[in-house]
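So you can see what is in the structure, the chains are spelled out below.
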Amino acid sequence: MAAPLAAAVLLVSQAALPAPPVAVVPRPARIERAEGSFVLGPTTCLRADAGLRRSAELLQEELRRATGFPFPFVEGNPNDASSAPAIRLRIDRSLSSLGSEGYRLTVDPAGVEVASSAPPGIFYGVQTLRQLLPPELFRRTATPGVRWEIPAVRVEDSPRFSWRGSHLDVSRHFMPKRAVLDHLDLMALHKLNVFHWHLTDDQGWRLQIRKYPRLAEVGAFRCESPLGSDREKGDGARHGGFYTQDDVREVVRYAAERFITVVPEIEMPGHAQAILAAYPELGNTTAPVEVWTRWGISERVLNVDERTIAFLTDVLDEVVDLFPAPYVHVGGDEVPPVEWEASPAARARMREVGARSAEELHSWLNRRIGAFLASRGRRLVGWDEVLEGGPPVPGSVVMSWRGTKGGLEAARAGHDVVMAPTTHTYFDYYQSKEPGEPLAIGGFVPLEKVYAFEPVPPELEGMESASCVLGAQGQLWTEYLPTPEHVQYMAWPRLAALSEVVWSPRELRDLADFRARLAPHLQRFDALGVRYRRPSSAP
Ligand code: TNX
């Protein structure tokens, strides 16, 4: 694009102005500054190829809101060089070497072009573009007096990993749908593409299931929660909530518009006390059971009768109907063997299936469920315990949370792996040792530690099995995160650091550079009203 004369003149007159900062998070693989800038104005229009309409509309809505300019769509051949200044979104098959998520973004004084071989790349190019604009872009009304200047750049970018995840536990504390949608928006801004939705646990079942209405009616509410860090005392306050199937469909569609896959987690056979409160016949004993009012690991687990397996597959049938993702997470972590070892029925089941221990029985259950999911065209995802007691169903994905050891072992055995170790990716852990930090579950995962995380273990470097590491994700367990604001405080900016770990080339990772970009990035959070934690040592 050649600079029209007017723009060139403007360039000269701008020479004295400080250049707008270029601070994109996650850091693009290649970004070069060029001379000058493009300034949005009342005549700027939008051009988008067919098939990019929704991405173009999302951009249009935001630009209109923030600038007050109309940004009309101009149809027609996107290659025809019209004189109107434009932001152009264009499919360009010649960029296929960047992959479907890669893009090229060119800003020069005549306009903006986002090009990619596929729609996801266009979306990510737009995310970069948003961050090249002044932070007032992220306000909900127009800010008078802002100069909507975009520095001239040429960006070529594509992600390092395909699984760039954010996990959110909505069981320990229910998060309203609004908060989930807000979280998806923030994920999109950081080019994160997998939302791992932890929907069920001992303390609450959050998903309407038509065949088993008591799961939501009974399982979604508990009579109280633990009081602060006190293990004995309760707060006496009823807590709960669930998502209707219509809510879920909305969230899934909202995510899909932002190229985010929603992976639901339905925990079994442990972390299932809320199921037992609703349907006690699925348990191992007749002892009364309620939706749990304490944190920790409950010994109450599901039994492994055929009737229970039928219940689970019925539930999963509704789940696969709601979630088009190729993956379903079935938990599998922290299953105390106490009840199975004491239960004559469970012991008989062990003999019947040839399991020599509770661990092997659990592995047998995983394979049954994994085979069922495969029959529905889905892959099982499980926490790294699924490696114990026997091999998981081929095609399973292992989520390595107790360090990266399980992930390493799984990758060596040829399973795909997502790294989610407590050491670097548990964002329910403390992020600072400063006094006044709100109560957290424990641990210490400061921003720098997240930033330093390397998803590929050194043992796999240069090996073929390194490609089994699909990526990594940050965990937001909510025992001590009672509100959406508190979730944001724990998530940001640590999740921004993680976005760089999973998106940017490894050799470009540079903490000082990240910190320098974080300062302007936090202004975006300020404009959005995100309740992030301001890093103490940030400039
Ligand atoms: C361990 S990670 C759990 C969760 C807790 C979390 C708290 C995992 C698979 N299980 O149930 O919420 O620690 O940090």
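Details of the structure are given in the entry above.
Thresholds, definitions, all that
Residues numbered from 1 in each chain as written. Predicted model: local features only at pLDDT ≥ 70, side-chain atom pairs only at ≥ 80, totals over all residues. Heavy atoms only, no water. Pairing = 2+ DSSP bridges. Helix = DSSP H or I, 4+ residues; strand = E, 2+ residues; numbered from the N terminus. Axes fitted to C-alpha atoms, helices over the stretch in contact; angles between N-to-C directions. Contact = heavy atoms within 4.5 Å. Near = heavy atom within 4 Å. Polar contact = N/O pair within 3.5 Å; in protein donor to acceptor, adjacent residues only side chain to side chain. Areas by Shrake-Rupley, 256 points an atom, 1.4 Å probe, with all protein chains shown as cover. Nonpolar A, V, L, I, M, F, W, Y, C, P; charged D, E, K, R; others polar. Phe/Tyr/Trp six-rings, centres within 6.5 Å; stacked < 30°, edge-to-face > 60°. Buried < 20%, exposed > 50% of the residue type's maximum accessible area, 1.4 Å probe, protein only. Lys NZ or Arg CZ within 6 Å of the ring centre and 35° of its normal. 1 Å grid on protein atoms, 1.4 Å probe; cavity = no way out; pocket = protein on both sides within 12 Å on 5 of 7 lines; lining within 4 Å. Points joined across faces, edges and corners; volume = space filled by probe spheres on them. Core = buried A, V, L, I, M, F, W, Y, C linked by side-chain atoms within 4.5 Å. Right-handed = clockwise from strand over helix to strand, strands pointing away.

A.B. asks: I tried to follow the sheet that holds strand 4 (residues 103-108) on my own but got confused; where do I start?
C.D. replies: The six strands are arranged 1-6-4-5-3-2 in an open sheet whose pairing can be described as mixed. What marks the edges here is a single partner per strand, and that holds for strand 1 (30-39) and strand 2 (45-48). Strand-to-strand, the axes of this sheet are offset by a mean angle of 15 degrees, without reference to chain direction. Note: strand 2 against strand 3 (residues 86-91), four bridges, orientation parallel. Within the sheet, the bridge partner assigned to Ala48 lies in strand 3 and is Leu89. Contacts from helix 3 (residues 119-132) reach strand 3, strand 4, strand 5 (111-116) and strand 6 (149-157) within the one sheet, and its direction differs from that of strand 4 by about 40 degrees.

A.B. asks: Looking at this structure, I do not really get the site of the ligand. What am I missing?
C.D. replies: Around the ligand, the surrounding shell consists of Arg172, His271, Asp333, Glu334, Trp383, Trp401, Tyr426, Asp428, Tyr429, Ile441, Trp477 and Glu479. Note that a nitrogen atom of the ligand is positioned 2.8 Å from one of the side-chain N or O atoms of Asp333. Look at the ligand: alone it shows 360 Å² of surface, and the protein chains cover 93% of it. When grouped by side-chain class, the residues that make up the shell around the ligand number six nonpolar, one polar and five charged.

A.B. asks: Could you clarify how one ought to interpret the packing of aromatic side chains in this entry?
C.D. replies: The geometry of two aromatic rings is summed up by the distance between their centres and the angle between their planes. One pass over the full model with this rule turns up 19 aromatic pairs. The interplanar angle of 80 degrees and the centroid separation of 6.3 Å between the aromatic rings of Trp197 and Phe323 together place this pair among those described as edge-to-face. Of this pair, Trp197 sits in strand 8 (residues 194-198) while Phe323 is found in the loop between helix 8 (306-322) and strand 14 (327-329), placing the two residues 126 residues apart along the sequence. For Trp197, a relative accessible area of 0% puts it in the buried group. Between Tyr279 and Phe311 the ring centres are 6.0 Å apart and the planes differ by 55 degrees, which places this aromatic pair in the tilted class. Of this pair, Tyr279 sits in the loop between helix 7 (273-278) and helix 8 while Phe311 sits in helix 8, placing them 32 residues apart in sequence. Judged on exposure class, the residue Tyr279 and its partner Phe311 are both buried. Members of the aromatic cluster, connected to one another through ring pairs, are Phe174, Phe195, Trp197, Tyr243 and Phe323. Its end group placed over the ring of Phe73, Arg53 keeps NZ or CZ at 4.2 Å from the ring centre. Above the ring of Trp503, the side-chain terminus of Lys191 is found at 5.6 Å from the ring centroid.

A.B. asks: Help me understand the layout of surface pockets, please; the structure alone is not making it clear to me.
C.D. replies: In this approach the atoms are scanned with a rolling probe the size of a water molecule, which exposes any empty space left behind. Put simply, the largest pocket is a space of about 1,000 Å³. Together, 40 residues line the largest pocket, and Arg140, Leu181, Asp182, Asp185 and Tyr254 are the ones closest to its centre. Secondary-structure elements contributing two or more residues to the lining of the largest pocket are helix 2 (53-67), helix 3, helix 4 (177-189), helix 6 (245-257), helix 15 (484-491) and helix 17 (511-528). Residue contributions to the lining of the largest pocket peak at nine residues, all from helix 4. Considering only residue class, the lining of the largest pocket consists of 21 nonpolar, five polar and 14 charged.

A.B. asks: Mind showing me how you'd approach the nonpolar core here?
C.D. replies: Across soluble globular proteins, nonpolar side chains have a tendency to be buried as a group. Within the largest apolar cluster, 146 residues are counted, with the highest numbers of intra-cluster contacts made by Ile87, Trp197 and Leu215. Those residues within four positions of Leu215 in sequence are excluded, and the remaining contacts are Trp205, Ile209, Ala220, Ile275, Ala278, Tyr279, Phe311 and Val315. Grouped together as the second largest cluster of nonpolar side chains are 15 residues, Tyr327, Val397, Ala420 and Leu470 included.

A.B. asks: Would you explain unusual backbone geometry in this entry?
C.D. replies: Trans is the common state for peptide bonds, and a negative phi is the common state for residues other than glycine. Following Met268, the chain continues to Pro269 via a peptide bond in cis, the omega torsion being -10 degrees. On the secondary structure map, Pro269 appears in the loop between strand 13 (261-265) and helix 7. Cis peptide bonds are those with omega within 30 degrees of zero, and the linkage from Trp492 to Pro493 qualifies with 10 degrees. A positive phi angle is found at Phe71, which is not glycine, with a value near 45 degrees. Here Phe71 is to be found in the loop between helix 2 and strand 3. One non-glycine residue, Glu334, adopts positive backbone phi at about 45 degrees. Turning to its location among the elements, Glu334 is positioned in the loop between strand 14 and helix 9 (338-342). Judged by relative accessible area, which is 24%, Glu334 ranks as partly exposed.

A.B. asks: What's the story with helix 16 (residues 494-503) in this structure? I'm lost.
C.D. replies: One turn of an α-helix holds 3.6 residues; hence residues three or four places apart share an orientation. Burial analysis of helix 16 places ten of its ten residues in the buried class, the great majority of the element. Looking only at helix 16, the buried set comprises Arg494, Leu495, Ala496, Ala497, Leu498, Ser499, Glu500, Val501, Val502 and Trp503.

A.B. asks: What am I meant to see in the pairing of strand 17 (residues 416-419) here?
C.D. replies: Along any regular strand the residues' side chains alternate between the sheet's two faces. Every second residue of strand 17 is oriented toward a common face, with Asp416 and Val418 on one face and Val417 and Met419 on the other, all of them buried. Handedness of the crossover is the feature at issue here: the chain leaves strand 16 (residues 397-400), passes through helix 12 (residues 405-412), returns alongside strand 17, and the resulting connection is right-handed. Two elements, strand 17 and strand 18 (residues 469-476), share three bridges in a ladder whose sense is parallel. Looking across to strand 18, one finds that Val418 is bridged to Gly471.

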